[in-house]
Amino acid sequence: ALFPVSSALAQTSPAEAQVNALEGLAGPQPGARRSGAKGICASGHFVGNTAGRALTTASAFSGSKVPVVARFSVGGGNPKASDKGKTVRGLALAFQLPGNEVWQMANISAPVFFVARPDQFAPFVQARTADPATGKPDPEKLKAFNAANPETLRQAAYLAQAPVPASYGSVNYWGVNAFEFVNAKGESRFARWQFVPEAGTLGLTEDQLKALPDDFLAGELRQRVAAKPVVFDMKLQLAEAGDNLTDPTVAWPETRQLVPVGQLVITQVEAGMGGACDGMTFNPVALPAGIKPSADPVLNARAAPYAISLGRRLGEAARK
């Protein structure tokens, strides 16, 4: 006999709703990532230091060279997006640690995320999705969502005043969520990390932007890394009492201590669009011993949509 499916089971899960919303915003893009669709694979290594070892037992900070797979990307679900847009740039990393341990992360070129709670994700995207009748988002719907959810405007405000990055290698990347770092004595500190380009940040002027094609970032990074490795200093911003550990739309005060804990060195960029990162999801809760997720609900809700997106993407690629 066939069992009737309860209406509760038939409902779309919150994770599926997020992925569906991203697909609705970008339109059908078979085989592409639902977020950060336009990107390039690279590789290199990470070397942690004594300051890192003082804060956590995580093996990434041993001082040995840890192989890293990296993916640089342009925000959004359109693989043909312009590199000149005032959207986030992404730096996703997968550290290949001893004993098959994995540490994955998804960093962005803004110090804050665009939603404070997982339930805001799909409505945020839907409010910005074009109405088929007009080809534009409904201004009233967008205005109403923004008024009810003002914290979701902080990331856009930051990006609006920041210049468009001249290179994937010349922009600051933040991990916007808090994590708990536990050291050998069992002491714990909450921190957020960032990757600061050793060569400094460099943005483009309006005139420089006009002279560039829509696709310049991948080629620029290939040339840059071929000339010499691109280095980022990994820094931990240490939380103090009262700092918000669960809302990634809230930046901590700039007075918080920034501890350099190691260096990420990018030594190779894939010649084409593919590479080792293509089949990866960069799940930000894939963590090594010595680092735990905070109670940030946005962080803890990220694994499920990543898995759904990967499943759809691999299915589409197989059907091609």
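Before reading further, recall that the structure is shown in the block above.
Residues numbered from 1 in each chain as written. Predicted model: local features only at pLDDT ≥ 70, side-chain atom pairs only at ≥ 80, totals over all residues. Heavy atoms only, no water.

1. Overview of helix α10 (residues 303–319)
For the α-helix, the turn length of 3.6 residues means that residues three or four positions removed from each other point alike.
Phase 1: The end-to-end C-alpha distance of α10, which contains 17 residues, comes to 25 Å, matching closely the 24 Å that a straight helix rising 1.5 Å per residue would cover.
Phase 2: Residues of α10 that are buried in the fold lie against α2 (14–26). (Helix = DSSP H or I, 4+ residues; strand = E, 2+ residues; numbered from the N terminus. Expected span 1.5 Å × (residues − 1). Contact = heavy atoms within 4.5 Å.)

2. Re the pattern of salt bridges
Phase 1: In the structure shown here, the tally under the stated rule is 10 salt bridges.
Phase 2: The closest approach of N and O atoms between Glu 23 and Arg 34, which form a salt bridge, is 2.9 Å. Here the residue Glu 23 occupies a position in helix α2, and Arg 34 occupies one in the loop between α2 and β1 (38–48), the gap between them amounting to 11 residues.
Phase 3: Look at Glu 23 and you get partly exposed, because its relative accessible area is 25%.
Phase 4: Measuring nitrogen to oxygen at the nearest pair gives 3.0 Å for the salt bridge that ties Asp 119 to Arg 117.
Phase 5: Owing to a relative accessible area of 51%, Asp 119 belongs among the exposed residues under this scheme. (Salt bridge = Lys/Arg side-chain N within 4 Å of Asp/Glu carboxyl O. Buried < 20%, exposed > 50% of the residue type's maximum accessible area, 1.4 Å probe, protein only.)

3. A word on the state of the cysteines
Phase 1: Taken as a whole and assessed by the stated rule, the structure comprises one disulfide.
Phase 2: One disulfide in the model links Cys 41 with Cys 277; its S-S distance is 1.6 Å. Around the S-S axis, the bridge from Cys 41 to Cys 277 shows a dihedral of about -80 degrees and counts as left-handed. Separated by 236 residues along the polypeptide, Cys 41 in strand β1 and Cys 277 in the loop between β11 (258–269) and β12 (291–293) bring together distant segments of the chain.
Phase 3: Judged by relative accessible area, which is 0%, Cys 277 ranks as buried. (Disulfide = S-S within 2.5 Å.)

4. Observations regarding the pairing of strand β3 (residues 89–96)
Phase 1: Extensive coverage of β3 is indicated by the burial of seven of its eight residues.
Phase 2: For β3 and strand β4 (residues 102–108), the ladder comprises seven bridges, and the chain directions are antiparallel. Pairing of Phe 95 across the sheet is with Trp 103, part of β4.
Phase 3: Linking β3 to β4, which pair antiparallel, is a turn of five residues; within it Gly 99 sits at a positive phi near 65 degrees. (Pairing = 2+ DSSP bridges.)

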